[in-house]
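Observations on the three-dimensional arrangement
Here's the letter readout for the chains.
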Amino acid sequence: MTQPPSPSAAPAVTAAPNVTPALEVDHVSRWYGNVVAVNDISFGLGAGVTGLLGPNGAGKSTLLHLMAGLLAPSAGRVLVEGADAWRRPELYRHLGLVPERESVHSFLTGREFARLNARLQGVADPDGAAARAIATVDLIDAADRPIGTYSKGMRQRAKLAGALVHEPRVLLLDEPFNGMDPRQRLHMMTLLRSMAAEGRTILFSSHILEEVERLADSVLVVYAGRLAAAGDFRSIRRLMTDRPHTFTVRSSDDRRLAAALMADASVFGTELVTGHVAIRTADYDAFTRALPTVARDAAVTLFEVRPTDDSLESVFSYLVRR
Amino acid sequence: MSVMAPLIEVTLRGLLGRRRTILLALLAGLPVLMALLIKVSGGRPDSDRILDTLVVRTVMPLVALIIGTAAIGSEIDDGTAVYLIIKPIPRSRIALSKILVAAGLTAAMIIPAVLLTALLLGSRNDTATTVVGFTVACLVGGSAYAAAFVTLSLFTSRALLLGLAYVLIWEGVLSGLLEGTKFLSIRQATLGVAAAFGVHVPGDPLAPGVSVAVLIVVLAVAFALGSWRLARFEIRGGD
């Protein structure tokens, strides 16, 4: 069995000091009998978009349900805007949730579903709120059709409309891009980004790394019920000092540059590949500082310097394989 | 009430799906069909017996069971209950709405059957007494059943099976054999209410005061337990 990453890989909370995070998870665990679904997780989230990443069964949905007050923590506390999430229905005045399960009342139309949510939220003008939410999620054309006739992507948008009718300050989305076509995904990303820019706290889970990379300001990586890492994924990558960083460099003389770099303390491997040189270094900062000097001293012109393993995909795979 | 209106509406629309409505109408129509057959075949008219054996002992608990367990149980099973739970609504309002809908729908199915059966067959004693006695008894008894089954479905996903076991085994067999179990029988309390109006009920029904007390306790406990359970609602599934 693969062991979870050591806790040291996880930077501390993401919220800025002295600012009460909108969402705070404080040493939270949740177990079902002998099975530990979430294991002593702590973090805080403020305004912005955060991606929740993890392989299937890692505990992403459990964590989202704990934050939505739909599960009681076995240990620890979940605070939404400073108050306990569990057994506090008033919480839902400020929180919206898009659950992963597709089921929505299939006999309602999209507009009726949004209106139902608005009425249950006690919104002053349910019809207006429903119409705005339907327009926001780009579902006007299908708004008056029963949800039972919707495609998967349309259901996702109907669910989002239902979660937006009361304009929540905190939005939790469990796999919101499931079933959406590329145009719909792009629309959803733009929408979530604009909502985050308005100061909302948005946390979404996804197994599609590219989406998280494009949308999220920061990530939470959950593995085997533990928080493997939290924060900006490039910063997380730099903290992984036991994993060499790799760079691809194109220059006027790759062979001479490779030989010169081998003499530098920050570099412990170079490989000449057709058209470029691949460099491995343990110290990201030292290498990026040394490279221009080494190139100048060797009279080599640099055409391109590109880190090849600081993508979210690399970070994620390092974290879950440690 | 403003929050209960959408809760009641969505529960009603969910319950009145085509297949379930047809099944319930067929079930509730059984006593009427039986009364028609007796009437056509020239059998001895005795609506009291049909209403006692077929409606109170069989059809009413089954109708209440189907409606009561579906009122929120089916929403929990298919995941749509979460949209009601993630709202700033007191949990007691959700429980009350579900119980009101289940009780109302049970009454809407059963009371016409009681009236039609009684009017078609008449009574050997006094038809008006039969109509009033069974109508009131079914109204409160059906509500108690519906409330109990709504709450049962909040505690277990096997509410239909357990409810059926209660109706068939506990009320059908044990309450006839063990005298003490009568006090935990909605059926016996329902018959006790009918008897209080002068309807002839075979056997030894509960005293009117005790019957009313049992039904009030069932309704109150079902509502309190339902609200308590909803306040601690935990979502199923997920990773």
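My aim in this report is to walk through the structure given alongside it, one point at a time.

What counts and what doesn't
Residues numbered from 1 in each chain as written. Chains lettered and ligands numbered in written order. Predicted model: local features only at pLDDT ≥ 70, side-chain atom pairs only at ≥ 80, totals over all residues. Helix = DSSP H or I, 4+ residues; strand = E, 2+ residues; numbered from the N terminus. Contact = placed C-beta atoms within 7 Å. Buried ≥ 20, exposed ≤ 12 C-beta atoms within 10 Å, placed from the backbone. Expected span 1.5 Å × (residues − 1). Arc of directions from axis to C-beta. Core = buried A, V, L, I, M, F, W, Y, C linked by C-beta atoms within 7 Å. Pairing = 2+ DSSP bridges. Nonpolar A, V, L, I, M, F, W, Y, C, P; charged D, E, K, R; others polar. Axes fitted to C-alpha atoms, helices over the stretch in contact; angles between N-to-C directions. Parallel < 35°, antiparallel > 145°, perpendicular 65-115°, else oblique. Left-handed = near helix turned anticlockwise from the far one by under 90°.

What follows concerns the overall build of chain A. When helices and strands are tallied, chain A shows ten helices and 14 strands. Principal axes of the C-alpha set define a box for chain A whose edges measure 70 × 45 × 40 Å. Contacts in chain A between residues at least 24 apart in sequence constitute 70% of all its contacts with a sequence separation of at least 6.

Right, let's get into unusual backbone geometry. All names here are of chain A. We note that H27 has phi near 50°; this positive angle belongs to a residue other than glycine. Note on placement: H27 falls in strand β1 (residues 23-32). For D138, which is not glycine, the phi torsion reads 60° and is therefore positive. Here D138 is to be found in the loop between α3 (126-136) and α4 (152-164). What makes D138 partly exposed here is the crowd of 17 C-beta atoms within 10 Å.

We now examine helix α5 (residues 182-197) of chain A. Residue and element names in this part refer to chain A. With 16 residues, α5 extends 22 Å from end C-alpha to end C-alpha; this agrees with the ideal 22 Å at 1.5 Å per step. By the burial criterion, the buried members of α5 are M188, L192 and M195. The buried residues of α5 occupy an angular sector of 60° when projected down its axis, which confines them to one face. In α5, the exposed positions that point more than 90 degrees away from the buried face belong to P182, R183, L186, T190, S194 and A197. Those residues of α5 that are buried lie in contact with β3 (48-53), β7 (170-174), β8 (201-205) and α6 (209-215). Taken from the residues just after α5, G199 is the one with a positive phi, measuring 100°.

Our next topic: the nonpolar core. In terms of nonpolar packing, the biggest core is built from 157 residues, with M67, A161, L172 and V221 of chain A together with V63, I110 and A146 of chain B touching the most fellow members. In this structure I110 of chain B touches A28, V55, M60, V63, C138 and G142 of chain B, once residues within four positions along its chain are discounted. In terms of nonpolar packing, the next biggest core, distinct from the first, is built from 14 residues, F247, V277, F287 and A295 of chain A among them.

This paragraph deals with the sheet that holds strand β5 (residues 83-84) of chain A. Residue and element names in this part refer to chain A. If you walk across this open sheet you meet the four strands as β2-β1-β4-β5, and the pairing is antiparallel. The two strands at the open ends of the sheet, each matched to only one other strand, are β2 (35-45) and β5. Looking at chain direction, β1 and β2 are connected through seven bridges and run antiparallel. The residue of β2 that forms the bridge with W31 is V36.

Each side of the interface is counted separately: chain B has 25 residues, and chain A has 31 residues. Elements that contribute at least two residues to the side of chain B that touches chain A include exactly α1 (4-15) and α5 (82-85) of chain B. Split by residue class, the side of chain B that touches chain A holds 13 nonpolar, five polar and seven charged.

Turning our attention to the packing of helix α9 (residues 186-196) of chain B against helix α10 (residues 208-231) of chain B. Residues and elements named next belong to chain B. Closest axis-to-axis distance for the α9/α10 pair is 8 Å, and the angle between their directions is 135°. Put simply, α9 runs oblique to α10. Where α9 crosses over α10, the handedness of that crossing is left-handed. Seen from α9, the contacting residues are I186, A189, G192, V193 and A196; seen from α10, they are P208, V210, S211, V212, V214, L215 and V218.

Residue and element names in this part refer to chain A. Most of strand β10 (residues 226-231) is tucked away, with six of its six residues classed as buried. Note that strand β9 (residues 218-223) and β10 share five bridges and pair antiparallel. In the sheet register, V219 faces β10, and the bridge partner there is G231.

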